[in-house]
Every structure is written in structure tokens, then in C-alpha cells.
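Residues per chain, in single letters:
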Amino acid sequence: MSLDRPVAWPKASARAPYACNPPPRLGQDNQGFDRRTTFQRDRDRILHANAFRKLQGKTQVFSQAFSDGQNDYYRTRLTHSLEVAQIARGAARALAVDEDLTEAIALAHDLGHPPFGHTGEEVLDDFCAPVGGFDHNVQALRIVIELERMYAAFDGLGLSPACLEGLIKHNGPIRDPAEMKMGALLGAYDQAYELDLSHQTSLEGQIAAWADDVAYLAHDFQDGVRSGVLDPQVHAPLIVPIRDVVNAQYPGVHPQRLAFEVARRLIDACWRDMIGHTRKQLLAADIQSLAAVRDHPDLLVANSPALQSDKKALRAFMKEHLYHHDSLTAHRAQVPDIIMGLTAHYQAGHLPPDWQDRLEKQDPKRVVADYIAGMTDRFALQRYKQITDPSTG
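Residues numbered from 1 in each chain as written. Predicted model: local features only at pLDDT ≥ 70, side-chain atom pairs only at ≥ 80, totals over all residues. Heavy atoms only, no water.

K.L.:
Explain the nonpolar core to me, please; I cannot follow it from the model alone.
P.N.:
Among soluble globular proteins, nonpolar side chains are generally buried collectively. With 113 residues, the main nonpolar core has Ile46, Leu111, Val144, Trp210 and Leu314 as its most contacted residues. Looking at this core, the element that brings in the most residues is helix α9 (residues 203–227), giving 11 residues. Other than its neighbours up to four places away in sequence, Val144 contacts Leu111, Gly156, Leu157, Gly158, Leu159, Leu164 and Leu167. (Core = buried A, V, L, I, M, F, W, Y, C linked by side-chain atoms within 4.5 Å. Buried < 20%, exposed > 50% of the residue type's maximum accessible area, 1.4 Å probe, protein only. Helix = DSSP H or I, 4+ residues; strand = E, 2+ residues; numbered from the N terminus. Contact = heavy atoms within 4.5 Å.)

What follows is the structure, given as C-alpha cells:
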């Protein structure tokens, strides 16, 4: 089969044979008036979760905890997750897979992040080393399976197995859970929910992962310009050709408008390239079922090799010029003392009353880590100040 000839792809209203189908609903909500599919309910439960709301106060790149009041426009984990979901849903529509499941996975993908981003995660990982470490991806699964306590009938959010599987495998298969941080917990979840960790996730899960990758590259660049850390005229991979087009179309455009135009056009370029490349891969591998997606040795949702290379170069640029900038590393230097101060305090028996019962079923270190991981940046900093200096109130 020639991959260059025109192909009649399913319309947006049609469902491809390799899409996930919502399983039948077991029981009725709201006295039988709930007409949502299982995947629509998954999405809605994530949106209403405590952990989802807390993302508004968690670091994406710039932490609000160390704010001087000038960074209200910077992205948080919440706004990032919403933007990932928007990008992912459009891609799901173009590839004729389930939009609701894709959106649900995208919305939930960052639920497990602790305060202060990856730096906070590293400190919690060290603290939890005796009980298996800490990993934000497994923590996200932990939140939606057992840590949320909203519903009278069960712990967690009661999400579908397809949503759980897409959430934990959005970065690819997990061949050996025992080699992962929090591996024992992950293995138990695998047995309980049949997550099929060693195989690829659905296209819905793969789309969510791709959207996350593209969103943070484009939007972190935009926030970097807004902060003054990055110059929009900087010679960055992938950015330069897009920026040159914008400069030619709008001479003298304001730097903030330029950064926004570059970000949105970067997303659009990656989106168009991914749709075309993924369709070619689906044809080449003759993917006709969800089982074929899971059995395929590689990710099917991906950008072309040339664009993948450019994205890798841009990630390296951002790491050097934004993520490791002095203004950010200075703030991150405070994080270990904050997190370690909190762990010491709560290990000494100061957990809130509604968390005390968890100590009977879980190792105290894991319970303390669960509690701290659920904090926003500001709350963590405030509690640390109260602990170290009670006069702060």
C-alpha cells in the first residue's frame, strides 16, 4: 500500500476501529437521570476532585509561593492541564478516537505532583526511600484510586480501567514495576485493576502524553518571555523559523504578542505533523483494533523523526536557558529545607485528625508523603513558617 496516496479517514463523528469504547455503565447515578458515558463520567469526576483544584497552587515553572505579586499570569499545573486537555481533545477528534477518555487522561496526568515541582518530588523520594520512593505518576494513580475521599460509597474517584491504564502508562509501557519507584504499590494496582502494564496504552493515552510534551514546550517558552528570563528574539531551535514568520507579518510586534504567536504556531505545527505522521504509522502497521495498538512495539502517536529531533533540541535549550536560570534555582534551593521540615513535623505525630486513621493501614512515611504531596506551594511554605516560627501565626 502506498502511503502517499489520499486516504479516506473516518469523519469526526465516526469511531475508528482502534478507539477505546466506553464500557457499559454499572448502575445509575442521580436517580437514573445520568446519561453520560463511562468516560464522560471519568472526566467529570476528575474535574470535581480535590486534587484537581489543588493544581491551581502548584508549580509549573514559576512558583506562586515565592511570588512578589507580579506573576499571576504564569501557568500553574492547573492551567497547564487544561491546555493539555484542549490540545489532546482536538487530536483525538482528528484521529477518530474517544475524545472524552483522552480529555480525562490529559486532565489527570499531573495530579500526583507535590508542591514545588520536580524539586519537591526529589526530596519526597529521598524521604520515602525506605518504603519504595516517590514517583508523581504512580502518585497520580494512587490519588484517583484511594486517596481522594469524596464519595460516600468508595475511596478514590471510581474511574474506569481504561482511564487508569492511560494515566499510568501515558509515558509508555512499564515492563517491570518492581524496578520503579513505588513499584510494590503499582504492582498491587496492576493486579487489582488489570492495567496490563507491559503493553502500550491506548491511542487516547498516547495522545494525552504527546499533548503534554508539546504544551509545556510552547507555553514554558511563552512564560519564560513574560518573566524576562528569555528574550523572544533568542536563537532557539524550532522557535527561530516561526518567530521569523511572525516578525515578517507583524514588524515591531510587542514581545508578549510575539511570544504568544510563537507558542500557538508551534503547537499548530507540531499538531499537524503528528496527525500526518500518526496516520501513516497506523496505515503502515495495519492497525485495525485496540489490541493491535497495545501489541505494537512502539508508540503510534508521535511527531515525524525530523520534528522529534527539533523538539529534543528545544527541550535541551529550555533546560539550559530557562529551567536552570539563576532566578529559578535560587527559589528551588529553599525547597529541601521546607519539605524536610514538614516531613519531620508530621512524622512527629502532628498529622490532621482526618489523616490519623490512615496510619493504621499504611507505613507512616507513606502517609506523611501523601499528605505533603497534596499541598499547594503556598500552603506548604506557610505551614513550614508556622512550624519554624510560631510567631508567624
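There is more to say after this.
K.L.:
Help me understand the packing of helix α3 (residues 77–94) against helix α11 (residues 255–284), please; the structure alone is not making it clear to me.
P.N.:
In a pair of packed helices, the angle between the axes and the distance between the axes together describe the arrangement. Remark: α3 packs on α11, axes separated minimally by 11 Å, with the N-to-C direction vectors making an angle of 30 degrees. Here α3 runs over α11; the crossing is right-handed. Contacts between α3 and α11 involve Ile87, Gly90, Ala91 and Ala94 from the first element and Ile267, Trp271, Met274, Ile275 and Arg279 from the second. Here the residues of the contact of α3 with α11 are counted per class, giving 7 nonpolar, 1 polar and 1 charged. (Axes fitted to C-alpha atoms, helices over the stretch in contact; angles between N-to-C directions. Left-handed = near helix turned anticlockwise from the far one by under 90°. Nonpolar A, V, L, I, M, F, W, Y, C, P; charged D, E, K, R; others polar.)

K.L.:
Which parts of the structure should I look at to understand the pattern of salt bridges?
P.N.:
Between side chains of opposite charge, a pair can form when the charged atoms approach closely. According to the stated counting rule, one finds 24 salt bridges in the structure shown. Asp223 is the salt-bridge partner of Arg75, the closest N and O atoms lying 3.0 Å from each other. Here Arg75 is found in the loop between α2 (50–54) and α3, whereas its partner Asp223 is found in helix α9, with 148 residues between them in sequence. Across the salt bridge formed by Arg315 and Asp213, the nearest N and O atoms sit 2.9 Å from each other. On the criterion of sequence distance, the pair formed by Arg315 in helix α13 (residues 305–323) and Asp213 in helix α9 is long-range, its members being 102 residues apart. Connected through shared salt-bridge partners, Arg36, Arg43, Asp44, Arg89, Arg93, Glu99, Asp100 and Glu103 make up one network. (Salt bridge = Lys/Arg side-chain N within 4 Å of Asp/Glu carboxyl O.)

Such coordinate-based values are descriptive only and should not be taken to indicate function.
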